[in-house]
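Examination of the molecular architecture
Listed below, chain by chain, are the residues.
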Amino acid sequence: MGGTSQRNINLKLKVWRQKGANQQGHFEEYDAKGISTDASFLEMLDVVNQRLIKEGRDPISFDHDCREGICGSCSMVINGNPHGSERSTATCQLHMRKFNDGETVVIEPFRAKAFPVIKDLSVDRSALDQIIASGGYISVNTGNAPDANGLPVAKVDADQAFNAATCIGCGACVAACVNGSAMLFVGAKVAHLGLLPQGQPERNERVLAMMDKMQELGFGNCSNTGACAVSCPKDISFENIARMNREYAKASIKKRS
Amino acid sequence: MAILDGKVPPGPVAEKWTNHKFNMKLVNPANKRKFTLIVVGTGLAGASASATLAELGYNVKTFCIHESPRRAHSIAAQGGINAAKNYQNDGDSVHRLFYDTVKGGDFRARESNVHRLAEISPNIIDQCVAQGVPFAREYGGTLTNRSFGGAQVSRTFYARGQTGQQLLIGAYQAMMRQVHAGAVQLYTRREMLELVVVDGAARGIVVRNLSTGEVESHAADAVILATGGYGNVFYLSTNAKQSNATAVWRAHKKGAYFGNPCFTQIHPTCIPVSGDYQSKLTLMSESLRNDGRVWVPKNKDDKRSPEQIPDAERDYYLERVYPSFGNLAPRDVSSRQAKFRVDEGRGVGPSGQAVYLDFRDAIKRLGESVVSERYGNLFEMYEKITGENPYQLPMRIYPAVHYTMGGLWVDYNLMSNLPGLHVLGEANFSDHGANRLGASALMQGLADGYFVIPYTIGHYLASTALPKVTTDHDAFKAARADVDARTQRFMAIKGSRTVDDIHRELGQIMWEYVGMSRQETGLKTALEKIPKLREEFWQNIRVSGDATGTINEELEKAGRVADFLDLGELMARDALHRNESCGGHFREEYQTPDNEAQRDDEKFCYVAGWEWKGEGKPQELHKEPLTFENVKLATRSYK
Amino acid sequence: MNYLKSSIGRKQLMGLTGLLWCGFVLSHMVGNMLIFMGPDAYNKYSHALITNPLLLLAEGALVVTLLVHIFYGLKLKFENQVARHTRYAMPTNGEKAARAHSKFMAFHGTLILVFIVYHLVTFKYGTHYVTNVDGVEMRDLHRLIIEVFQSPGYVAWYVLCLIGLGFHLSHGFYSAFASLGFYHPKYSAWLNQLGYVYAFVVAAGFISQPLYVFLFARAQ
């Protein structure tokens, strides 16, 4: 057996095309014909692009790299949902067997003021890097580290920190958020570092600096809609946002009282 | 031919690095800020080097092709990172890690480098933990380890199946801290297209801004390449789509020697190709072979569903050929055996390019819940990609390219033969010989970046006269002109084939003739086919869109594939010249009666360093002889 | 950054003021249930409230918190609209949909604001009937209520606004706790359910009053 359930399907794509950040975008329609249900969503776009190139047209630009769901490059909003409708899945791991023959698929870039479109479906997410740069680290110069087992970490804390650390920085949380907020991204980093003993010395400064940076960069404010967490390909929990709210209040009192 | 000098320091192997650190010249703290260093690449090696050099006080300019430095392909490493911590009290030591790595590399690595790597390995774990890398822990709060292939001790630190991601995020955060401090200037979405050599030394690079198409020049006192491996020469590999060899290849064309290009590692358990639209391959952790049994049908063209094939008609070939190791035979051996079965016409699945990895007996023996506990996440990933449930049907797997041991030749200081050009991580050839052990790639990348280059580059800067060079220098103008000319040439071809089309064809040639097992006739065929394909490429590709103003991925790919075509040819030439089998390089003519790799230590105990001699001319071979004073040359046996 | 200018600080003010009002609407709803007990019970209750010197303080607090809630609510809303200035062709949906009603808080909020103003004008500052219960002269609010709720239009408007209030509370209750930093993997699901029950009870309780009056109580 193996792959005998494979079929070929035809789709109609409505794809957002935009030449540059300051240009008007619009939807264009394309036929994706004879797509194997074993292909990934990005491979389906590859097939369409190969045809466009041969016709001398400009292929659809989209970010992608590892295609294993870990680098966080791929983005896109597919039929209204970041990374498509399947939960816990990045676009590159979304496969065409989840689509029906003859279906119309609407593909848009991640939309947020902080994520300007570079071209078509490709957006600039460097604002997330700027947030990390503002405080998303533990300040330890190379060579300064004590023995790795010198500071035991309770397994519960280590596991929780790990869950938060699995964030791939794709920005789906921002894209899903009706407010274009990056609270889940920031919350995950604050939790990852704040739950570990190594992260304690900078705990207060970190949450204040990262949140202030987030605001400064034009991300919106959280209204607890929860869309971020359900859209996250790595299932980062909404808990991280609540925890950060707590941490922020505490840090504000400590620092500013 | 010249003899290459690895500049290995004198003294006993265990003291070389310590002595060398003392003997190297230092740059005084106030002078460090007068030096500008370029780092290309932000994977483990590049990010850790950028962070550390900036902490030391150098001005660092860091470049990456991604929109964020956190997306470098180190992120995809699953298994773990080795370190000689001996936390398990099971007899590990620096010497044992050194020994295992030299032996695992089939005696084609430099002893001194490997020993240094083993010495540094414990510091890496300390550093990463201090940065907040959430390694797996015991309930008591201490770090835990697991075992990996090629070792009899438990020395692999891991973070679930995402060790690479967690280590990279650690290095990335350390680097972003320096970006914030202004010590690292970060240039994202920049692709290095030329190395600039002034008076024989590497003094800068020319890059293209991938978002705007603008070409920029950057001058520095030294250049560090940490741009990863070249597995994508095969088109299909476990490498990320953007992983490419352009930076190292352009450096090679400026005079840097390419070391052991034919040493590639093929991983035995990947999800097989499902169709001609396939864009890349996905690895399934090797750990699956602990409980899965590998088989193919005994009869050719057996089209039955696997569960309908009775045991009597199954060939559990690894258990048959290697009764003592069975399904846990080493990577290279398992990969080759799978290829033999497929070549016999007994491959399975729609393409016939796969074998079964069956958990039926494990589920019977252990129960579904135990199997799910051990491999649940891998089973889910498999199901996501293939749509098949491995609890019910055996997995289909096939070997795939995933790492290249070869790379730019470097000396003990990680500097290539071109003064000032330093090469780190997978991009250099240095530490793994002809075969890399599992969980050693992450170790090497971070060792190079955190703990080697910060010392050795200081020595270079302190002991070299470096007159001021700006981007107005003629060498920069010439390099820019080369970039522009190449771009114009790509845009002007306006042929009928896409770049991917040619790349795919190159990949087929490489896989067929320069893949898992090689032979003289096949390599000669490759050496005929590749130049023809290159000609086709330069006459018939089509790059649509504009060269400037916005993203043009086709143009990016064209440049990379042009380099892969050259590199593929060199790989074939290197494989042809190396008349022996060692590690990942298996020449069918050189095998023991029981199909094991047969080295020829008399003739080939050296590193091949290839020198570029100009377009259309074959590279010249130089040799760095390898001596083994601490690990006795012996046949690598896993019987 | 000043806490009151920070994104989280303002959200927490929203949450705090919202929770205060959650308490108020619940007690208001429960107190008004006396409408079912007849005019005397109802008027005595309202008289006790009106004559309590602390009422002014409570009213002041309610007005201030409401103004804070409205001010920051609108400010955040405007900022959020800038942060996500372009809309998608379709909203998140299926398993990835946002929490029910969470995206329409400003909409219900505005409706509730209009309702509150109208509500105060109608009742608090409405016709001042007087009655005498147990020898004490007091305002006959009961009569006013019975009169007002004879109008089917007014009742419909009232019910509509209270449904809006229900939706607002159904997200607001849970959201306030989240903003203030409460989340627990187990108890949060429970809190979420409690939020829905609370919102339903408040809305249904309020709605039952005009409906009862309209259907069963006729003005004398």
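Quantities reported herein were computed from a predicted structural model and do not represent experimental measurements. Along each chain, numbering runs from 1 in the same order as the chain's sequence is written. All chains are assigned letters beginning at A, and all ligands numbers beginning at 1, according to the order in which they are written. Local features in this predicted model are restricted to residues whose pLDDT is 70 or higher, and side-chain atom pairs enter the listing and the counts only when it is 80 or higher, whereas totals over whole chains, interfaces and linings include all residues. In computing side-chain values, all of the structure's heavy atoms are included and hydrogens and water are not.

**Some thoughts on the overall build of chain C**
Strands are runs of DSSP state E lasting at least two residues, helices are runs of H or I lasting at least four, and both sets are numbered from the N terminus onward. The secondary structure content of chain C amounts to 7 helices and 2 strands. Taking all 220 residues of chain C together, the buried fraction comes to 43%. Considering only intrachain contacts with a sequence separation of at least 6, the fraction spanning at least 24 residues in chain C is 75%. Here the accessible surface of atoms and residues is derived via Shrake-Rupley with a 1.4 Å probe, and residues count as covered only by protein chains that are part of the display. Total accessible area on chain C stands at roughly 11,700 Å², and carbon and sulfur atoms take up 72% of it. Any residue under 20% of the maximum accessible area for its type is buried, any over 50% is exposed, and the rest in between are partly exposed; the area is computed with a 1.4 Å probe on protein chains only. Here, residues are in contact when the closest pair of their heavy atoms is within 4.5 Å.

**Examining the overall build of chain B**
Looking only at helices and strands, chain B features 17 helices and 20 strands. What you see for chain B is a C-alpha radius of gyration of 24 Å, in line with the 26 Å of a compact globule of 639 residues. The principal-axis extent of the C-alpha atoms belonging to chain B is close to 75 × 60 × 50 Å. Split into buried and exposed, the 639 residues of chain B put 67% on the buried side. Of the accessible surface of chain B, which amounts to about 21,400 Å², a share of 48% is contributed by carbon and sulfur atoms. What the globule rule says is 2.2 Å times the number of residues to the power 0.38, and the radius of gyration is computed from C-alpha atoms.

**Quick notes on the interface of chain B and chain A**
Each partner contributes to the interface: chain B provides 82 residues, whereas chain A provides 81 residues. Two parts placed together each lose some accessible area; with a 1.4 Å probe, that loss summed over both constitutes the buried area. With both chains or domains summed, chain B and chain A bury close to 6,600 Å², and 50% of this area falls on carbon and sulfur atoms. For chain B, the biggest contributors to the area lost against chain A are Arg71, Tyr277 and Lys384 of chain B; these three give 11% of the whole. When a carboxyl oxygen of Asp or Glu lies within 4 Å of a side-chain nitrogen of Lys or Arg, that pair is called a salt bridge. Inspection of the chain B/chain A interface yields 4 salt bridges. Two residues, Lys85 of chain B and Asp147 of chain A, come together in a salt bridge whose shortest N-O distance is 3.0 Å. Any N or O atom pair separated by 3.5 Å or less is treated as a polar contact, with the protein-specific requirement of one donor-capable and one acceptor-capable atom, and with residues adjacent in sequence counted only for side-chain atom pairs. Counting the contacts that link chain B with chain A gives 51 residue pairs in polar contact (both at pLDDT 80 or more). At the level of secondary structure, the elements contributing two or more residues to the side of chain B that touches chain A comprise helix H3 (44–56), helix H5 (111–131), helix H6 (163–180), helix H11 (368–386), helix H12 (441–463), helix H14 (499–513) and helix H16 (553–577) of chain B.

**Some thoughts on the nonpolar core**
The nonpolar side chains of a soluble globular protein tend to be buried with one another. Core analysis: the biggest nonpolar cluster contains 240 residues, and Ile131 and Phe219 of chain A together with Ile81, Phe135, Leu225, Leu421 and Phe537 of chain B have the highest contact counts within it. Ranked by residues supplied to this core, first place goes to H16 of chain B with 12 residues. Apart from residues no more than four positions distant in its own chain, Phe135 of chain B is found in contact with Ile81, Ile125, Cys128, Val129, Leu143, Phe157, Tyr158, Ala159, Thr163 and Leu167 of chain B. Formed by 36 residues, the second largest nonpolar core is a distinct cluster that contains Phe123, Leu141, Ile145 and Leu165 of chain C. Each nonpolar core is a collection of buried residues, namely Ala, Val, Leu, Ile, Met, Phe, Trp, Tyr and Cys, held together in the definition by side-chain atoms within 4.5 Å.

**Notes on the packing of helix H1 (residues 13–23) of chain B against H5 of chain B**
To describe two helices that pack against each other, one gives the angle between their axes and the distance between the axes. Residue and element names in this part refer to chain B. Whenever a helix is involved, its axis is fitted only over the stretch in contact; in every case the axis is a line through C-alpha atoms, and angles between N-to-C directions fall within 0 to 180 degrees. In the contact formed by H1 and H5, the axes pass within 9 Å of each other and the chain directions differ by 75 degrees. One finds that H1 runs roughly perpendicular with respect to H5. Two secondary-structure elements touch here, H1 through Val13, Ala14, Lys16, Trp17 and Thr18 and H5 through Glu111, Ser112, His115, Arg116, Glu119 and Ile120. When residues are grouped by polarity, Ala, Val, Leu, Ile, Met, Phe, Trp, Tyr, Cys and Pro land in nonpolar, Asp, Glu, Lys and Arg in charged, and all others, Gly among them, in polar. Split into classes, the residues belonging to the contact of H1 with H5 amount to 4 nonpolar, 3 polar and 4 charged. Roughly parallel means an angle under 35 degrees; roughly antiparallel means over 145; roughly perpendicular covers 65 to 115; every other angle is labelled oblique.

**A few points about the pairing of strand E5 (residues 104–108) of chain A**
Residue and element names in this part refer to chain A. Burial within E5 is extensive, with 4 of its 5 residues counted as buried. A pair of strands is treated as paired once DSSP finds two or more bridges between them. Judged from the 4 bridges that link them, strand E1 (residues 8–17) and E5 form a sheet pairing that is parallel. Note on E5: the bridge partner recorded for Lys14 is Val106. Where strand E3 (residues 77–78) meets E5, 2 bridges bridge the pair, whose relative direction is antiparallel. Pairing of Ile78 across the sheet is with Ile107, part of E5.

**Brief notes about the interface of chain A and chain C**
Contact with chain A, which involves 51 residues of that partner, is made by 42 residues of chain C. Taken together, both faces of the contact between chain A and chain C bury some 3,600 Å²; the carbon and sulfur share is 54%. On the chain A side of the contact with chain C, Arg111, Asn221 and Asn224 of chain A bury the most area, a combined 16% of that side's loss. At the surface where chain A touches chain C, the tally comes to 0 salt bridges. Applying the counting rule to chain A against chain C returns 29 residue pairs in polar contact (both at pLDDT 80 or more). Elements with a contribution of two residues or more to the side of chain A that touches chain C: strand E4 (81–82), E5, helix H4 (172–176), helix H6 (203–216), helix H7 (227–231) and helix H8 (239–256) of chain A. It is H8 of chain A that contributes the most residues to the side of chain A that touches chain C, 9 residues altogether. Broken down by class, the residue content of the side of chain A that touches chain C amounts to 22 nonpolar, 20 polar and 9 charged.

**Section: the sheet that holds strand E14 (residues 314–315) of chain B**
Residue and element names in this part refer to chain B. One open sheet holds the 5 strands; their spatial order is E12-E16-E15-E13-E14, and the pairing between them is antiparallel. Taken across any chain shown, the strands that pair with only one partner, and hence form the sheet edges, are strand E12 (264–270) and E14. The pairing of strand E15 (residues 355–358) with strand E16 (residues 395–404) spans 3 bridges and is antiparallel. Looking at the pairing, Tyr356 lines up with Arg396 of E16.

**Looking at the environment of Ser217 of chain B**
By the secondary structure assignment, Ser217 of chain B is in strand E9 (residues 215–219). Excluding residues within four positions of it along the chain, Ser217 of chain B makes contact with Ile205, Val206, Thr471, Phe476 and Arg480 of chain B.

**Some remarks on the domain arrangement of chain B**
Residue and element names in this part refer to chain B. Its domain assignment divides chain B into domain 1 (13–263 + 405–462), domain 2 (267–402) and domain 3 (474–600). Between the C-alpha centres of domain 1 and domain 2 the distance comes to 33 Å. In this complex, domain 1 contributes 12 residues to the contact, which on the side of domain 2 involves 13 residues. The largest share of the area that domain 1 buries against domain 2 comes from Gln78, Leu236 and Thr238, three residues that together contribute 47% of it. Looking at the side of domain 1 that touches domain 2 residue by residue, the class counts come to 4 nonpolar, 6 polar and 2 charged. Residue ranges assigned to each domain were obtained from an automatic or database domain assignment.

**Structural notes on the packing of H5 of chain B against H12 of chain B**
Residue and element names in this part refer to chain B. Closest axis-to-axis distance for the H5/H12 pair is 9 Å, and the angle between their directions is 85 degrees. Here H12 runs roughly perpendicular to H5, going by the angle between their axes. Only Met443, Gln444, Leu446, Ala447, Tyr450, Phe451 and Val452 of H12 make contact with H5, whose side of the interface consists of Arg116, Leu117, Ile120, Ser121, Asn123, Ile124, Gln127, Cys128 and Gln131.

**Quick look at the sheet that holds E9 of chain B**
All names here are of chain B. On the basis of which strands lie adjacent, the open sheet formed by 3 strands has the order E7-E8-E9 and antiparallel pairing. Where the open sheet ends on each side, the last strands, each with one partner, are strand E7 (190–198) and E9. Averaged over all pairs of adjacent strands, the angle between their axes in this sheet comes to 25 degrees, without regard to strand direction.

**Topic: unusual backbone geometry**
For Asp235 of chain A, which is not glycine, the phi dihedral falls at a positive 55 degrees. In this structure, Asp235 of chain A sits in the loop between H7 and H8. The partly exposed category is assigned to Asp235 of chain A, whose relative accessible area is 38%. Here Asn260 of chain B, not a glycine, exhibits a phi torsion of approximately 45 degrees, which is positive. Accessibility expressed as a relative area gives 1% for Asn260 of chain B, which makes it buried.

**Remarks on helix H2 (residues 126–133) of chain A**
Counting buried positions over the 8 residues of H2 of chain A gives 6, a clear majority of the element. The set of residues buried in H2 of chain A consists of Ala127, Leu128, Asp129, Ile131, Ile132 and Ala133 of chain A. Considering only its buried residues, H2 of chain A is in contact with helix H5 (183–194) and H6 of chain A together with H6 of chain B.

**Examining a nonpolar patch on the surface**
All names here are of chain C. Distance thresholds for patches are 9 Å for like charges and 5 Å for nonpolar side chains (Val, Leu, Ile, Met, Phe, Trp, Tyr), applied to residues having over 30% relative accessible area and no salt bridge. Among the surface-exposed residues, Leu26, Val30, Val197, Phe200 and Val201 lie close enough to one another that they form a single nonpolar patch of about 450 Å² accessible area. Mapped by element, the contributors of at least two residues to the nonpolar patch are helix H1 (7–32) and helix H7 (187–216). When residues in the nonpolar patch are grouped by element, the largest group, 3 residues, is from H7. Exposure remark for Phe200: the relative accessible area of 60% places this residue in the exposed category.

**Points about the packing of aromatic side chains**
Residue and element names in this part refer to chain C. Only the six-membered ring of Trp is used, alongside the rings of Phe and Tyr, when aromatic pairs are assigned; centres must lie within 6.5 Å, and planes under 30 degrees apart are stacked while those over 60 apart are edge-to-face, with the rest tilted. Summed over all chains, the structure comprises 43 aromatic pairs over all chains. With a centroid separation of 5.1 Å and an interplanar angle of 75 degrees, the aromatic rings of Phe115 and Tyr158 are classed as edge-to-face. Of the two residues, Phe115 sits in helix H4 (residues 105–124) while Tyr158 sits in helix H6 (residues 152–179), which places them 43 residues apart along the sequence. By the burial criterion, Phe115 is buried, and Tyr158 matches it. When the ring of Tyr154 is compared with that of Tyr158, the centres are 6.0 Å apart and the planes differ by 35 degrees; the resulting orientation is tilted. Here Tyr154 pairs with Tyr158, and both are found in helix H6, just 4 residues apart, close to one helical turn. Under the relative-accessibility criterion, Tyr154 is labelled buried at 9%. Should the NZ of a Lys or the CZ of an Arg lie within 6 Å of a ring centre and within 35 degrees of the ring normal, that charge is described as sitting over the ring. Positioned over the ring face of Tyr129 is Arg143, at 3.7 Å from the centre of the ring.

**Focus on the confidence of the model for chain C**
Residues and elements named next belong to chain C. Per-residue confidence from the predictor is reported as pLDDT, a score between 0 and 100. With 99% of its residues at a pLDDT of 70 or more, chain C shows a mean pLDDT of 95. Mean pLDDT across the elements of chain C ranges from a minimum in strand E1 (residues 130–133), with 94, to a maximum in H1, with 97. Under the prediction, the complex receives an ipTM of 0.97, its pTM being 0.96.

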